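Chain by chain, the residues run as shown.
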Amino acid sequence: MGQLLVVKGDPVRGTDQHNVQGQGPNPAAPPPTAPYVGIGDYAYKGAVTEALSTFVTIAGTPVALVTSRSGLDPGEDAPGGGHAGPSGGNFVPGPGTVAPTPTPATLQITDSPLGTGVPNSAAGNALLTVGGVRVLLDGDAIDTCSGLGTPADSTVTARGQDFVTCSG
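Below, the structure is looked at part by part. (Residues numbered from 1 in each chain as written. Predicted model: local features only at pLDDT ≥ 70, side-chain atom pairs only at ≥ 80, totals over all residues. Heavy atoms only, no water.)

With respect to unusual backbone geometry
For clarity, the threshold we go by: Counting from the N terminus, the helices are DSSP H or I runs at least four residues long and the strands are E runs at least two residues long.
Between Ala29 and the following residue, Pro30, the backbone shows a cis peptide bond with an omega angle of 5°. Positionally, Pro30 belongs in the loop between strand E2 (11–25) and strand E3 (33–50). Note that the residue after Pro30, namely Pro31, is joined by a cis bond; omega there is -5°. One non-glycine residue, Asn90, lies in the positive phi region at around 50°.

Quick notes on the environment of Thr57
Spelled out, the test is: By definition, residues are in contact when any of their heavy atoms lie within 4.5 Å.
On the secondary structure map, Thr57 appears in strand E4 (residues 57–58). Each C-alpha atom, one on Thr57 and one on Pro102, is 47 Å from the other, the two residues being 45 residues apart in sequence. Discounting residues that sit within four places of it in the chain, Thr57 has contacts with Pro62 and Val63.

Description of the packing of aromatic side chains
Here is the rule we go by: Each pair of aromatic rings taken from Phe, Tyr and Trp, with Trp reduced to its six-membered ring, is defined by centres within 6.5 Å and is described as stacked if the planes are under 30 degrees apart, edge-to-face if over 60, and tilted in the remaining cases. We call a residue buried when its accessible area falls under 20% of the maximum for its residue type, exposed when it is over 50%, and partly exposed in between, using a 1.4 Å probe and counting protein chains only.
Per the stated rule, a full pass over the model turns up 1 aromatic pair. A centroid spacing of 6.5 Å and a plane angle of 70° characterise the contact between Tyr42 and Phe91, whose relative ring orientation is edge-to-face. With Tyr42 in strand E3 and Phe91 in strand E7 (residues 89–93), this pair connects stretches of sequence that are 49 residues apart. For Tyr42, a relative accessible area of 0% gives the class buried.

So, in structure tokens, the structure goes:
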């Protein structure tokens, strides 16, 4: 059985690691808080939205290529969104950090830019191309906006169409 082709709007999901800073409880109070700098895990919830094929569509929806880009869903990087400072988890303090744990409400992600994902170098299939560029397939790895440069931290899922596949 072949893999479904990815089209505009198909979801990208995964976990990014980001550098964060904020405040945390001071183990040697007073004062009651101390600076916290570290790394945290953040849910990536986005979709393939940019640099799509202008030549090939499926049911009127542009096909995604390995040169396409994903972006976070609306509100994900806003306060209260899953990709905002307080929403992280699995925090690891950085060297020299006084506070052993962060106070989540004080955290800010310090990495920039935030939200863009690009297909991993192993994505696509050399047998199916548009203008010489590989087409993105269901389950392909996406390198999302991890502040540590971690590759293949997210995956795209074909949901916008369910009838065009690639075998090979």
